[in-house]
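Coordinate inspection notes
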Amino acid sequence: MTAPLHQLTIAEAAPLIERKELSPVELTDAFLARIEAVDPQLNAFVCVTPERARADARRAADEIAAGNYRGPLHGIPVGIKDIYDTAGILTTCHSHVHADRVPERDARSVEMLRDAGSVMLGKLATHEFAFGGPSWDLPFPPARNPWDKTRFTGGSSSGSGAATAGGLAMAAMGSDTAGSIRMPAHFCGVAGIKPTYGRVSRRGVAPLAFSLDHCGPLAWTARDCALVLQAVAGYDPADPGSADRPVPDYAAALDGDLKGLRIGVVRHFYDGDEHADADVKAAMAAALETFAGTGATVEEVKLSPLQDFHACGMAIMLSEAYAIHEPVLKATPEKYGEIFRDRLMLSGLLTSADYVQALRMRRQLATEVDAMLTRYDVLVTASGWSPAPELGTVPKFYLFEKALLTIPFDVSGHPAMTVCNGFSASGLPVGMQIVGPAFGDATVLRVGDAYERATEWRARRPKI
Amino acid sequence: MSDDTSGAAFEAFAVRIRALGFNPSEASLREMHAAMPHLEAMRARLRRSFAYADEPAHVFRPQGDDR
């Protein structure tokens, strides 16, 4: 073993743990030491739970010693975005509104991670209620990008991106309503999958917008995302949006073979409707060449303009978020951060007709993406407009100002993952989205994994 | 646009926000007002020419007993 423990992937560590060549206690202690040394620079965690982590690790070690190995997450240290309820552990949603909130019960996906034998390291930074940030007037500072600590991590799963990129957790749960898993994956150079809507339970996760919220993992590789998704995917009757569909074996799909795969490139999203910067365009061009070199067919496709998807998704997200927070925002506006408060007040000017028309438009747009995915196995497009900007330069209303490249697939509900597809001249990562048919999460993971194997981007780590 | 017209537009915007039941600071109001064209641009892109029977993309399934 040559890599330091905090740079092992789950896929590398799990067999060592299974063979008792690596103790979950040793692994967890390495991550806790790493957090203690590095997190003061990154602010990825809002709450570290060392006692819980060591107890989880000890239990995992004892179970494995007794011959009861549960699977690839057994003894694996993970972090949880602080909008997920964790029984007996502070869950703030990164807001003064919930500064003292300690849930009695775990979110369903947290239960499932526990059942898989994982080790909980603590709670991770987010934007306030997964919406307001990056902000400096909240109970905790915003997370910082491990590739350059002056840079934005993306949001709202900002701590999840920082922790997985910085080697502070082997995987992290995030959530994605307009891109909050995939944007941190893009800016932080990790993999993150927004599964199909309904694939992972939202029960016990603070909602931003009910009809757009997706829960999913971020990790260093697509393969590790597959391993975590395996543990948290499944029907939950307590989530009204949950899908009662069988869960395939995601890891079994990762065969590395893309020969004959049909890839549709939605170039006009990032080079037409709006324009990504040169780093992003160059990375996309190189990625398409890589795909062609694997034997896949690569063709440009056309969907509705990106701005149509953005208008539809934003009208739904802002309306639902406003409905959720309106009473508390009116009663105690001072408890919210300024960015959350101002974005949400402005959202109050949307009308009921705007919301319903957006929902009707959503059906059209989702049908359009469905149709395209009968002709192509996956679609690919860029994840972000540029490498990470300076943290202090992110505009208060950036969500309103320019369409998000990630939001189309929250609107359509299709599985979409971001993998790192290159670096800027200054060493900052950028990412590419891979989108599959509804409940085709395994295909998305297969393409992401094959792409990572065909390139050398996973060999680069931030110097922190 | 003259300053007077801008001022009138800002006051009308402030009235709308206050009518929602909020009383933000002058600085916040000014920033929200500056962002209002972006919100209006999004609203303008929403499609509105649907047939009466075109359903929204919501799903509501009564939770009754199927037997």
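Everything that follows concerns the structure shown earlier in this document.
Overview of the structure. (Residues numbered from 1 in each chain as written. Chains lettered and ligands numbered in written order. Predicted model: local features only at pLDDT ≥ 70, side-chain atom pairs only at ≥ 80, totals over all residues. Heavy atoms only, no water.)

1. Description of the pairing of strand 9 (residues 378-382) of chain A
Residue and element names in this part refer to chain A. With respect to burial, strand 9 is a largely interior element, 5 of its 5 residues being buried. Bridging between strand 9 and strand 11 (residues 429-435) involves 4 bridges; their strand directions are antiparallel. Opposite Thr-381, over in strand 11, you have Gln-433 as the bridge partner. (Buried < 20%, exposed > 50% of the residue type's maximum accessible area, 1.4 Å probe, protein only. Helix = DSSP H or I, 4+ residues; strand = E, 2+ residues; numbered from the N terminus. Pairing = 2+ DSSP bridges.)

2. A closer look at helix 9 (residues 278-293) of chain A
Between the first and last C-alpha of helix 9 of chain A there are 23 Å, a value that for 16 residues agrees with the 22 Å anticipated at 1.5 Å per step. Two residues or fewer past helix 9 of chain A, A:Gly295 is found with a positive phi of approximately 100°. (Expected span 1.5 Å × (residues − 1).)

3. A word on the interface of chain A and chain B
If you look at the interface, chain A gives 37 residues, while chain B gives 28 residues. The three residues of chain A that bury the most area against chain B are A:Met345, A:Leu349 and A:Arg360, which together make up 24% of that side's buried surface. Counting the contacts that link chain A with chain B gives 5 salt bridges. Here B:Glu31 ties to A:Lys396 by a salt bridge, and the two come within 2.9 Å at their closest N and O atoms. On the surface where chain A and chain B come into contact, there are 15 residue pairs in polar contact (both at pLDDT 80 or more). Residue assignment for the side of chain A that touches chain B shows that the elements contributing at least two residues are helix 10 (306-331), helix 11 (338-347), helix 12 (352-375) and helix 13 (398-401) of chain A. For the side of chain A that touches chain B, the element with the highest residue contribution is helix 12 of chain A, accounting for 12 residues. Looking at the side of chain A that touches chain B, its residues break down into 20 nonpolar, 7 polar and 10 charged. (Contact = heavy atoms within 4.5 Å. Buried area = accessible area lost by both parts, 1.4 Å probe. Salt bridge = Lys/Arg side-chain N within 4 Å of Asp/Glu carboxyl O. Polar contact = N/O pair within 3.5 Å; in protein donor to acceptor, adjacent residues only side chain to side chain. Nonpolar A, V, L, I, M, F, W, Y, C, P; charged D, E, K, R; others polar.)

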